[in-house]
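Observations on the model geometry
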Amino acid sequence: MPTFVELPLELPPDLVHAGVGVHGSAGPHEVFRLPHLWQLHLYGYSGTLEFGGARHPIRPGHLSLVPPGTEVHFHYDAPRCEHLYAHFRLPGDGERRRLPAMQDAGAEAAVLSALLRQTIAACAQSPARASAELWTALWRTTGLAEAAETPSGSRHPALRAAMAHIEEHLADPLSVPGIARAAGVSHTHLTRLFREDTGHTVVGWVRRRRMERARHLLIASTLAIPAVAATVGIPDLQAFNKTCRKELGASPRAVRQAAGAQPLPRERLIG
């Protein structure tokens, strides 16, 4: 059974140190404890992490979270093993997020690696930014667990890659073959993955995501409607108006006017 930890994340972490750990040269087994600090490790090697009576296989791309005061045993499979690490305090005491102590970051490993490297780079120059980068990384780890707990299991890596590509390029022309190339699969395979996971075609998903972003910008910003249209990749105002009416039930101007002085809705934005 997997071991779980609970993190309060409503406040940014108090980062004490972050860096690249190099281990294994002193022997294949190390034991240590951080009495007052959390440990986050993103691994680039194979081995075993042991704590609390449980053994967790380490593989490249795996990520671990260890609570303060926990004695950990590392068993290394090679004489030189590197991982990215962050040692920090979590000052919040509100709602907690329950996460596996060890999980496979999968397609998110590259994003988490970039965030942790930015954390490391910012440590000496801007502690506030370093904490912000780490906070973002910690929230990204919650997404790993949430994806694993969905009824259909974790999403196919190609589907996650395609969705990430779409989010990054909503303002640009998007085609199914182009998205499939970015995800590393055929457009037929990608279409099947979208159908099975979301119930939408790829084109339907892109349209939905564009309209969710357009709705947010129409309600939450004063951005001119032509600029909103361009930002979501539908610069033709006639086409934008038609799509808004179909997907949001009203013209762009009507969507904005309907919000009026009402409080902004608490909507879940993907991306």
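These remarks concern the structure in this document. (Residues numbered from 1 in each chain as written. Predicted model: local features only at pLDDT ≥ 70, side-chain atom pairs only at ≥ 80, totals over all residues. Heavy atoms only, no water.)

Structural notes on the environment of His 75
Secondary-structure assignment places His 75 in strand β8 (residues 71-76). A relative accessible area of 22% means that His 75 is categorised as partly exposed. Along the chain, His 75 and Thr 222 lie 147 residues apart, while their C-alpha atoms are 56 Å from each other. Excluding residues within four positions of it along the chain, His 75 makes contact with Pro 28, His 29, Gly 47, Thr 48, Glu 50 and Arg 55. Engagement of the side chain of His 75 in a polar contact is seen with the side chain of Glu 50, the distance being 3.3 Å. (Helix = DSSP H or I, 4+ residues; strand = E, 2+ residues; numbered from the N terminus. Buried < 20%, exposed > 50% of the residue type's maximum accessible area, 1.4 Å probe, protein only. Contact = heavy atoms within 4.5 Å. Polar contact = N/O pair within 3.5 Å; in protein donor to acceptor, adjacent residues only side chain to side chain.)

Here's the deal with the packing of aromatic side chains
What the rule picks out here adds up to 7 aromatic pairs. Taking the centre distance of 6.1 Å and the plane angle of 55° together, the rings of Phe 194 and Trp 205 count as tilted. Here the residue Phe 194 occupies a position in helix α5 (residues 187-198), and Trp 205 occupies one in helix α6 (residues 202-220), the gap between them amounting to 11 residues. Taking the relative accessible area as the measure of exposure, Trp 205 reaches 5% and is therefore buried. Each member of the aromatic cluster is reached from another via a ring pair, and the members are Phe 32, Tyr 43, Tyr 45, Phe 74 and Tyr 76. (Phe/Tyr/Trp six-rings, centres within 6.5 Å; stacked < 30°, edge-to-face > 60°.)

A look at the layout of surface pockets
As a volume, the second largest pocket reaches approximately 170 Å³. Forming the walls of the second largest pocket are Leu 174, Ser 175, Val 176, Ile 179, Val 202, Val 203, Val 206, Arg 207, Arg 210, Gly 233, Ile 234 and Thr 243. Of all the elements, α6 adds the most residues to the lining of the second largest pocket, at 5 residues. A breakdown of the residues in the lining of the second largest pocket according to their chemical character gives 7 nonpolar, 3 polar and 2 charged. (1 Å grid on protein atoms, 1.4 Å probe; cavity = no way out; pocket = protein on both sides within 12 Å on 5 of 7 lines; lining within 4 Å. Points joined across faces, edges and corners; volume = space filled by probe spheres on them. Nonpolar A, V, L, I, M, F, W, Y, C, P; charged D, E, K, R; others polar.)

Side note on the packing of helix α4 (residues 176-183) against α5
Two elements in contact, α4 and α5, have axes separated by 9 Å at closest approach and are oriented at 90°. By the angle class used here, α4 and α5 are roughly perpendicular. Residues Val 176, Pro 177, Ile 179 and Ala 180 of α4 form the contact with α5, whose own contacting residues are His 187, Leu 190 and Thr 191. Residues of the contact of α4 with α5, tallied by class, amount to 5 nonpolar, 2 polar and no charged. (Axes fitted to C-alpha atoms, helices over the stretch in contact; angles between N-to-C directions. Parallel < 35°, antiparallel > 145°, perpendicular 65-115°, else oblique.)

By themselves, these observations are geometric and do not establish any function.
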